[in-house]
2 protein chains.
Amino acid sequence: MRNFEFCNTTKIIFGKDTENQVGSEISRVLEKNLSVKKILLHHSGGSTVRSGLIDRVKKSLKEAGIEWVEFTGVLPNPRFSHVLEGVNIAKKENLQFVLAVGGGSAIDSAKAIAAGAVNDGDLWDYFERKRFIEKSLPIGTILTIPAAGSESSTSCVITNEEGPWKRGMHSPLNRPVFSILNPELTYTLPLYQTACGITDMMAHIMERYFTKEQNVELTDELCEGALRTIIRNARKIFSGGERDYAARAEIMWAGAIAHNGLLDTGRLGDWASHALDHELSALFDLAHGAGLAIIFPAWMRYTIKEDTLRFARFAAKVFGVDGAYYDPEQAALEGISRMENFFRSIGMPVRLKDANIDLSRIPEMAKRVIHFGPIGNYRKLDEKDAEAIYRLAAE
Amino acid sequence: MRNFEFCNTTKIIFGKDTENQVGSEISRVLEKNLSVKKILLHHSGGSTVRSGLIDRVKKSLKEAGIEWVEFTGVLPNPRFSHVLEGVNIAKKENLQFVLAVGGGSAIDSAKAIAAGAVNDGDLWDYFERKRFIEKSLPIGTILTIPAAGSESSTSCVITNEEGPWKRGMHSPLNRPVFSILNPELTYTLPLYQTACGITDMMAHIMERYFTKEQNVELTDELCEGALRTIIRNARKIFSGGERDYAARAEIMWAGAIAHNGLLDTGRLGDWASHALDHELSALFDLAHGAGLAIIFPAWMRYTIKEDTLRFARFAAKVFGVDGAYYDPEQAALEGISRMENFFRSIGMPVRLKDANIDLSRIPEMAKRVIHFGPIGNYRKLDEKDAEAIYRLAAE
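Remember, predicted model here, so these are calculated numbers, not experimental data.

About the criteria used
- Counting of residues starts from 1 at the beginning of each chain's written sequence and follows it residue by residue.
- Naming scheme: in the order in which they are written, chains are lettered from A and ligands are numbered from 1.
- In keeping with the model being predicted, local features are shown solely for residues with a pLDDT of at least 70 and side-chain atom pairs are shown and tallied solely at 80 or more, while totals for entire chains, interfaces and linings include all residues.
- Excluding hydrogens and water, the side-chain figures rest on all heavy atoms present in the structure.
- It only takes one pair of heavy atoms within 4.5 Å for two residues to be counted as in contact.
- Note: buried area is the sum, over both parts, of the accessible area (probe 1.4 Å) each one loses when the two are combined.
- Put simply, a salt bridge is a Lys or Arg side-chain nitrogen that is within 4 Å of an Asp or Glu carboxyl oxygen.
- Polar contacts, as used here, are pairs of N or O atoms within 3.5 Å; protein pairs need one atom able to donate a hydrogen and one able to accept it. Residues neighboring in sequence count only if both atoms are side-chain atoms.
- Under the DSSP-based scheme used, a helix requires at least four consecutive residues in state H or I and a strand at least two consecutive residues in state E, with every element numbered from the N terminus.
- Under the scheme applied, nonpolar residues are Ala, Val, Leu, Ile, Met, Phe, Trp, Tyr, Cys and Pro; charged residues are Asp, Glu, Lys and Arg; polar residues are all the others, including Gly.
- Strands are treated as partners if at least two bridges between them are detected by DSSP.
- Centre distance within 6.5 Å is the pairing criterion for rings of Phe, Tyr and Trp, where only the six-membered ring of Trp is used; planes under 30 degrees apart are then read as stacked, over 60 as edge-to-face, and the remainder as tilted.
- Using a 1.4 Å probe on the protein chains alone, a residue whose accessible area is under 20% of its type maximum counts as buried, one over 50% counts as exposed, and one in between counts as partly exposed.
- The copies were overlaid with a least-squares fit restricted to C-alpha atoms from residues scoring a pLDDT of at least 70 in each copy.
- The span you would expect from a helix comes to 1.5 Å times its residue count less one.
- Only C-alpha atoms enter the line fits that serve as axes; for helices the fit covers just the stretch in contact. Angles between N-to-C directions range over 0 to 180 degrees.
- In what follows, a disulfide is any cysteine sulfur pair within 2.5 Å.
- Note on angle classes: values under 35 degrees are labelled roughly parallel, values over 145 roughly antiparallel, values of 65 to 115 roughly perpendicular, and the remainder oblique.

(A) Structural context of the interface of chain A and chain B. On the chain B side, the residues contacting the 40 residues of chain A number 40 residues. Both faces combined, the contact of chain A with chain B buries some 3,500 Å², and carbon together with sulfur accounts for 55% of it. Considering only the side of chain A, the residues that lose the most area to chain B are M1(A), L218(A) and W253(A), jointly responsible for 18% of the buried surface there. The salt bridge partner of K236(B) is E217(A), with a shortest N-O separation of 2.9 Å. The interface formed by chain A and chain B holds 24 residue pairs in polar contact (both at pLDDT 80 or more) in total. For the side of chain A that touches chain B, the elements supplying multiple residues, two or more each, are β1 (4–14), α8 (217–237) and α9 (245–257) of chain A. Across the side of chain A that touches chain B, the residue classes tally to 18 nonpolar, 12 polar and 10 charged. As paired strands, β1(A) and strand β1 (residues 4–14) of chain B are joined by seven bridges and run antiparallel to one another.

Here it is in structure tokens:
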């Protein structure tokens, strides 16, 4: 087990009707003696409005004496140009807080705006790792799509259309001060987005699970337990349980745990699959979860011999594969195959062709993915490895 | 799943040599422009000194320009009169921070001192739930006994010799701002104390595990995984692995996770066994872990029919008991029996007579335990139930 530090300061407010607490929660965060309390209310402007959620949020803000400027239009793979619009509003209106209502895209966009509002210079520099933020506006979230784990994570991923580049900016300052998680808000989430979210949170756990670090038994157990819970409850949702509170709640809480930092204490995660997918998302605007459902099985097949027993354990503990004591590699491969079947069963693509990806651009993606150098920690991957994995995903 | 709030603000600093960071960590917490930085250094004065740990701590404090007043003499089941001495020192010397070096006793004592230093009136009132603290000095810890989980919990349990009463005072203000966990510091912990700690952390998980709340699958899985990890690594330590870093590390991190609040998100824990043990500890000065090893199996046998399948699941998932599909109650009982065997294998008592408890005082303990009313949530227990459980523990 590696030395580590762990602290997660996000206050999780979980359960039915909790969105109605948002005004009082923000009041608690803002300085006491402000003559005007004014925040950025950031969301898609689509389903958040149609569902009546934004009306309830505004009512709660009003009751708490909080004014807001509404800034809508967030899209999946949130755009840097849109972030800059938000930054301008936040600066011009002297806003004190950013509230994101939505999924990972709205939250990541809010994090970038919060950083841009109080850090001068070119905001993209922080995504290019040329500089690091030293302050940020406080952020709160009302989550509607369990997926990215951004509701209590340090991550913020934005796509700059000029490249296009999809880049992450990581800082403890990105952690929301509070996140409101009401599983009822996810009842109306389309099944495709539900599936993308489920794949994303599973990938967050698997990125951590596949490590060369030995003696990380507690986190192994926690990862496996979380994965089993996600799979079991995903099956309930996809068998007509769209409005099954219990199943939606397990998925929603698991999505936060998957990416709040707990599951990589004492170990070093891999993150090559995320990098490989970022190129897919950036070039083809593919949903992040869908890209991961394609990349992860290929990455696993490519790296399986690094530590066959770890893959066999994964197969046995997460997908109930028997036979690892006779032939670990066979069991490991069976685990990958069952994982693909699970992804397929919730409507995810598992090959590049399922998502109509133009295979001729594989060399370009392989080149782009090593922008900051080799990727991955479980096994370091260079351009050639990346190309080989994209090709495996094309088979 | 119940609505819940969860936030754990303690920064965990885990791994080898981390105690040498203590000075710089405290500096980070204290106000920047203090002309004098002065803290209470609170520990047993025994093994903490002999091991050389306190010397290293003092060196780190000195390097960070921090002065200290040393206050030693903490004992297991820390005494209220001793806490009051600490409070007087903290007030007289205008101390700004309390650093506990030791196990749960030192940490709980530090929490009580930190509360007493800045809250007026009779400090015991807070333990009698007559008043609730609204502020506290910041606390940091260097943990040497993985057990109580006090290093990142809201709990503080103190024994008032006048009763004697053993009472808890719970507040988010009790959470340490940082806790340093170096598994190497536990190499020299006597096996009896190691076993008491292991039992205590298992009990913390089981108090949460046995709940009437349905649909808490994620936390069920996390609880079971943590219990398996503790048992597996306890066996390593008790098979000559006292200096096995990996095993000590798993136990140490599990002890913190067991009681940091994560494992009861969405559910209501029971806590009757803790209450039943507090009377044992208060009257007979029995180590908390040893008392729990006696009480928990008796409590389980007494309440098994409340939800036999939950006990059968516990038996299957934690102790590998087969047969739950034929006869759940038999499997559940087999699980309790295996748990007792495990406790015995690490040198714990499992019956009152193993700890030389005077059985004639059972009625008195049963009366005392309901001081605040019926105990437990899984099943509400009155005086008669409590007596029946103590009698089961006597068999």
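(B) Structural view of the packing of aromatic side chains. All names here are of chain B. This structure, assessed with the given rule, holds 40 aromatic pairs over all chains. Summarising the aromatic geometry, the rings of F210 and F311 are spaced 4.4 Å apart at their centres and angled 20° between planes, so their arrangement reads as stacked. Taken as a pair, F210 in the loop between α7 (191–209) and α8 (217–237) and F311 in helix α12 (residues 308–319) lie far apart in primary sequence, 101 residues in all. For the pair shown, F210 and F311 are each scored as buried. Between the aromatic rings of W299 and F311, the centroid separation amounts to 6.3 Å while the plane-to-plane angle is 50°, which identifies the pairing as tilted. Linking W299 in helix α11 (residues 288–303) with F311 in helix α12, this pair joins segments that are 12 residues apart in sequence.

(C) Structural detail: the relation of the copies chain A and chain B. Each copy of the sequence occupies a distinct position, and chain A is placed on chain B by a rotation of 180° and an axial shift of 0.0 Å, giving an RMSD of 0.0 Å. Accordingly, the operation relating the two chain copies is best matched by a two-fold axis. A symmetric contact is evident, with 100% of the interface residues of chain A recurring at the interface of chain B.

(D) Expanded view of unusual backbone geometry. Residues G163(A) and P164(A) are joined by a peptide bond in cis, for which omega reads -5°. Within the secondary structure, P164(A) sits in the loop between β6 (157–160) and β7 (165–168). Its identity as a non-glycine residue notwithstanding, N356(A) has a phi of 55°, on the positive side. Along the chain, N356(A) falls in the loop between α13 (328–345) and α14 (362–369). Although it is not a glycine, N94(B) sits at a positive phi angle of roughly 55°. You can see N94(B) is positioned in the loop between α4 (80–92) and β4 (98–102).

(E) Fine view of α8(A). In this model, α8(A) (21 residues) spans 30 Å end to end at C-alpha, consistent with the 30 Å of a helix rising 1.5 Å per residue. Counting buried positions over the 21 residues of α8(A) gives 18, a clear majority of the element.

(F) Structural view of the side chain of N233(B). By the element assignment, N233(B) lies in helix α8. Aside from chain neighbours lying at most four places away, what touches N233(B) is E217(A), A246(B), A247(B), E250(B) and I251(B).

(G) Representation of the sheet that holds strand β5 (residues 139–143) of chain A within the structure. Taken in spatial order, the 12 strands of this open sheet run β3(A)-β2(A)-β4(A)-β5(A)-β8(A)-β1(A)-β1(B)-β8(B)-β5(B)-β4(B)-β2(B)-β3(B), and their pairing is mixed. Looking at the sheet topology across the chains shown, the edges are occupied by β3 (67–71) of chain A together with β3 (67–71) of chain B. Averaged over all pairs of adjacent strands, the angle between strand axes in this sheet comes to 25°, irrespective of strand direction. Bridge analysis of strand β2 (residues 38–43) of chain A against β3(A) gives five bridges, and the strand direction is parallel. Along β3(A), the bridge assignment pairs I39(A) with W68(A).

(H) Main features of the pattern of salt bridges. Residues and elements named next belong to chain A. Taken as a whole and assessed by the stated rule, the structure comprises 60 salt bridges over all chains. Across the salt bridge formed by E25 and R28, the nearest N and O atoms sit 3.4 Å from each other. One end of the pair is E25 and the other is R28, both in helix α1 (residues 22–29) and three residues apart, which spans about a single turn. Taking the relative accessible area as the measure of exposure, E25 reaches 4% and is therefore buried.

(I) View of the state of the cysteines. Scanning the model with the defined rule gives zero disulfides over all chains in all. Take C156(A): it sits in no disulfide, and the sulfur closest to it among the cysteines is that of C196(A), at 20 Å. For C156(A), a relative accessible area of 0% puts it in the buried group. Lacking any disulfide linkage, C7(B) is separated from the closest cysteine sulfur, that of C7(A), by 8.3 Å. Residue classification places C7(B) among the partly exposed residues on the basis of a relative accessible area of 23%.

(J) Region of the structure containing the packing of helix α11 (residues 288–303) of chain A against α13(A). Residues and elements named next belong to chain A. Here α11 crosses α13 at 175°, and the two axes come no closer than 10 Å. When the interaxial angle is binned, α11 and α13 end up roughly antiparallel. Of the residues in α13, those touching α11 at A293, F296, P297, M300 and R301 are I336, S337, M339, E340 and F343. When the residues that make up the contact of α11 with α13 are grouped by side-chain class, the tally is seven nonpolar, one polar and two charged.

(K) Structural detail: the side chain of E340(B). Residues and elements named next belong to chain B. By the element assignment, E340 lies in helix α13 (residues 328–345). Overall, the relative accessible area of 4% leaves E340 in the buried class. Once residues within four sequence positions are removed from consideration, E340 is found in contact with P297, R301, V350 and R351.

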